[in-house]
Amino acid sequence: MKQKMSIFGIGPLMAICVFPVLIVTIITTIKNGDLFVFYFIPKFYLAGAAAFLISAGLILHTCAVAVFMPGFKAGKLVVNGVYSLCRNPFYSSWILFIIPGISLAFNSWILVLNSVALYIAFKILIGNESKMLAEVFGEVYLSYKSNTRELLPFPKAKNKNLE
């Protein structure tokens, strides 16, 4: 029996898993902020890198929404736009860009633990989402999965031996 796809995917479960880490890292940063500062990087560079990462993450996330919503509503597997770069641009935007950017903006390397925790939750939970997509979209999804990166939003190099 085919399962009904959720528009949120595993996102809510990931958030629940990471929430305790978020609370601990925020409290730790507030109480002991000086222990977790990027002392070796000038604040000007931190601010620039933070702005770049957060902007890139928000652009990736916004593009993912713009491409995903029409496809989801039509019941189609979305493989175009940012989904041609990686299978999980929503998760990618937070794990690789927004959370590390926030960490740099707050000059607190311990906040990066949220990104690590989110990645771990992603790797644990993504199998269920992938299995559901394979069940719903079959060979089309399996082909897409084998030709598209999971999280890193860059085109996958084609294997010349397979062509």
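As shown above, the structure is provided for reference.
As the structure is a prediction and not an experimental result, all values here were calculated from the model.

### Describing the overall build of the protein
When helices and strands are counted, the protein shows 5 helices and 0 strands. Ordered by position from the N terminus, the helices and strands of the protein form the series α-α-α-α-α. Its C-alpha atoms give the protein principal-axis dimensions of roughly 50 × 35 × 30 Å. The proportion of buried residues among the 163 residues of the protein is 35%. The long-range share in the protein, meaning contacts at least 24 apart out of those at least 6 apart in sequence, stands at 77%. Carbon and sulfur atoms provide 72% of the accessible area of the protein, an area that totals close to 10,100 Å².

### Some words on the packing of aromatic side chains
Scanning the model with the defined rule gives 9 aromatic pairs in all. One aromatic cluster in this structure is built from F68, F72, Y83 and F90.

### Things to note about the packing of helix 3 (residues 89-105) against helix 4 (residues 112-137)
At their nearest, the axes of helix 3 and helix 4 sit 9 Å apart, and the two run at 170° to each other. It follows that helix 3 is roughly antiparallel to helix 4 by the angle criterion. Of the residues in helix 4, those touching helix 3 at Y91, W94, I95, I99, P100 and S103 are V112, N114, S115, L118, Y119, F122, I126 and E129.

### Considerations on the environment of I102
By secondary structure assignment, the location of I102 is in helix 3. Judged by relative accessible area, I102 falls into the partly exposed class, the value being 32%. C-alpha of I102 to C-alpha of I54: the two residues are 48 residues apart in sequence and 7.0 Å apart in space.

### Let's talk about the state of the cysteines
One pass over the structure, following the stated rule, counts 0 disulfides. The closest cysteine sulfur to the non-disulfide-bonded C86 is located on C63, 11 Å from its own sulfur.

### Here's the deal with the side chain of R87
Residue position: R87 is located in the loop between helix 2 (43-73) and helix 3. For R87, a relative accessible area of 14% corresponds to the buried category. At 2.6 Å, the side chain of R87 forms a polar contact with the backbone oxygen of T148. Apart from the residues lying within four places of it in its own chain, the contact partners of R87 are Y141, Y144, K145, T148, R149 and E150.

### Notes on helix 1 (residues 11-32)
Since the α-helix advances by 3.6 residues per turn, residues separated by three or four positions end up pointing in the same direction. In this model, helix 1 (22 residues) spans 30 Å end to end at C-alpha, consistent with the 32 Å of a helix rising 1.5 Å per residue. The sharpest bend along helix 1 reaches about 40° and sits at V18, with the proline P20 one to four residues further on. Within helix 1, the full set of buried residues consists of M14, V18, T25, T28 and T29. In this structure, the buried residues of helix 1 make contact with helix 3 and helix 4.

### Side note on a nonpolar patch on the surface
A contiguous nonpolar surface patch, about 540 Å² in accessible area, is contributed by F19, L22, I23, I26, I27 and I30. Along the chain, the position of L22 falls in helix 1.

### Remarks on the nonpolar core
Membership of the largest hydrophobic core comes to 16 residues, with the highest contact counts inside it found for L77, V82, Y83, L104, Y141 and Y144. Broken down by secondary-structure element, the contributors of at least two residues to this core are helix 2, helix 3 and helix 5 (139-147). Residues M14, V18, L118 and A121 belong to the second largest nonpolar core, which totals 13 residues.

Cut-offs applied
Residues numbered from 1 in each chain as written. Predicted model: local features only at pLDDT ≥ 70, side-chain atom pairs only at ≥ 80, totals over all residues. Heavy atoms only, no water. Helix = DSSP H or I, 4+ residues; strand = E, 2+ residues; numbered from the N terminus. Buried < 20%, exposed > 50% of the residue type's maximum accessible area, 1.4 Å probe, protein only. Contact = heavy atoms within 4.5 Å. Areas by Shrake-Rupley, 256 points an atom, 1.4 Å probe, with all protein chains shown as cover. Phe/Tyr/Trp six-rings, centres within 6.5 Å; stacked < 30°, edge-to-face > 60°. Axes fitted to C-alpha atoms, helices over the stretch in contact; angles between N-to-C directions. Parallel < 35°, antiparallel > 145°, perpendicular 65-115°, else oblique. Disulfide = S-S within 2.5 Å. Polar contact = N/O pair within 3.5 Å; in protein donor to acceptor, adjacent residues only side chain to side chain. Expected span 1.5 Å × (residues − 1). Bend = angle between axes of the 7 residues up to and from the residue. Patch = residues over 30% accessible without salt bridge, like charges linked within 9 Å, V, L, I, M, F, W, Y side chains within 5 Å. Salt bridge = Lys/Arg side-chain N within 4 Å of Asp/Glu carboxyl O. Core = buried A, V, L, I, M, F, W, Y, C linked by side-chain atoms within 4.5 Å.

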